[in-house]
Amino acid sequence: RLAPEDKRLLQAASVIGTDLPFQLLQAVADEPEERLRRGLAQLQATEFLYETRLFPDLEYTFRHALTHEVAYGSLLAERRRALHARIVEAIEALYPDRLAEHAERLAHHAFRGEVWGKAVTYFRQAGAKAAERSAYREAVACFEQALVALKHLPESRETKEQAIDLRLDLRQSLFALAEFGRVLDYLREAEALAMSLGDQRRLGFVSVLMTLHFYITGDPERGVEFGQRAFAIAE
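I will try to describe carefully the structure that is included in this document. (Residues numbered from 1 in each chain as written. Predicted model: local features only at pLDDT ≥ 70, side-chain atom pairs only at ≥ 80, totals over all residues. Heavy atoms only, no water.)

**Focus: a nonpolar patch on the surface**
Applicable threshold: Only residues above 30% relative accessible area that lack a salt bridge enter a patch, with like-charged residues linked at up to 9 Å and the nonpolar side chains Val, Leu, Ile, Met, Phe, Trp and Tyr linked at up to 5 Å. Accessibility throughout is a Shrake-Rupley quantity obtained with a 1.4 Å probe, and a residue counts as covered only by protein chains that appear here. Any carboxyl oxygen of Asp or Glu that lies within 4 Å of a side-chain nitrogen of Lys or Arg is treated as forming a salt bridge with it. Numbering of helices and strands runs from the N terminus, with a helix taken as a DSSP run of H or I at least four residues long and a strand as a DSSP run of E at least two residues long. Residue exposure (1.4 Å probe, protein chains only): buried if accessible area is under 20% of the type maximum, exposed if over 50%, otherwise partly exposed.
Among the surface-exposed residues, L212, Y215 and I216 lie close enough to one another that they form a single nonpolar patch of about 310 Å² accessible area. Locating Y215 in the fold gives a position in helix α11 (residues 200–216). For Y215, a relative accessible area of 62% translates into the label exposed.

What follows is the structure, encoded as structure tokens:
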């Protein structure tokens, strides 16, 4: 049976995930280093955690997936949310020059921590990284999560602009997947948003993409219509 302080440490570790860098544990657990090391030694002795790496940075992981799930599920929702938000701050403080490397992890914790603005930013970065390596389905999932997070922010011109840009990001990955029906849905939504803002630059870009969409899908007359609108906006 775990002591209360060791149980709290295990719960904090479960929020971080399955890979547990010591530096991140230290930042999140908010324990003196000596106490933290004792707690980790106890969790190893009782076979909850084990070391996976000593160099260059000490790292742990859960011995069993079920242990991780039970520890995470035992947390109250508000405590869980607060820990996720703290993990975002800790990663940003620990790796200020390497945030792009941690975009996926930051996005996950920002979303679970309800830090909505950062969730939008990091999911968009994670989506762009996935698209660069042609992992288009992963990219779509990231961009769609960014849109979900965006809905939690107060509506403003800036959030509407972000909503357009995310739909254009989605269009790029969905186009690569030949999911043309979804491409058209997102382009129409982007068009409506751009028109509501009177944003001619974004409306022109959407019009160009509409032209390409209708050309590819065999509706040249609609393609010409949108091409002419793009030309008029450019003029």
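Now that the structure has been shown, we can carry on.
**Looking at the side chain of E191**
For clarity, the cut-off: Any pair of N or O atoms that falls within 3.5 Å is considered a polar contact. Within protein, one atom must be able to donate a hydrogen and the other to accept it, and sequence-neighbouring residues count only if both atoms are side-chain atoms.
In this fold, E191 is placed in helix α10 (residues 180–197). By relative accessible area, which is 13% here, E191 ends up buried. A distance of 2.9 Å separates polar atoms of two side chains, one belonging to E191 and the other to R229.

**Observations concerning the pattern of salt bridges**
Under the criterion given, the structure shown has 21 salt bridges. Note that R182 is salt-bridged to E144, the shortest N-O span being 2.5 Å. Taken together, the residues R182 in helix α10 and E144 in helix α8 (residues 136–150) connect sequence positions 38 residues apart. The partner of R222 in a salt bridge is E225, and the shortest N-O contact between them spans 3.8 Å. One end of the pair is R222 and the other is E225, both in helix α12 (residues 220–234) and three residues apart, which spans about a single turn. According to the relative accessible area criterion, R222 is partly exposed, its value standing at 29%. For E225, a relative accessible area of 45% puts it in the partly exposed group.

**Digging into the packing of helix α2 (residues 22–29) against helix α3 (residues 33–45)**
Defined as follows: Here an angle of 0 to 180 degrees is reported between the N-to-C directions of two axes, which are lines fitted to C-alpha atoms, with helices fitted over the stretch in contact. Angles are sorted into four bins: roughly parallel if under 35 degrees, roughly antiparallel if over 145, roughly perpendicular if 65 to 115, and oblique for all others. Whether a crossing is left-handed or right-handed is set by the direction in which the near helix is turned from the far one by less than a right angle, anticlockwise for left-handed and clockwise for right-handed. Contacts were defined at the residue level, with two residues in contact if any of their heavy atoms lie within 4.5 Å. Three categories are distinguished: nonpolar for Ala, Val, Leu, Ile, Met, Phe, Trp, Tyr, Cys and Pro, charged for Asp, Glu, Lys and Arg, and polar for the others, with Gly belonging to the last.
Closest axis-to-axis distance for the α2/α3 pair is 11 Å, and the angle between their directions is 115 degrees. Comparing the axis directions of α2 and α3 gives the class roughly perpendicular. Handedness of the crossing formed by α2 with α3: right-handed. Contact with α2, carried on its side by F22, L25, Q26 and A29, involves E33, L36, R37 and L40 of α3 and no other residues of that element. The residue inventory of the contact of α2 with α3, partitioned by class, reads five nonpolar, one polar and two charged.

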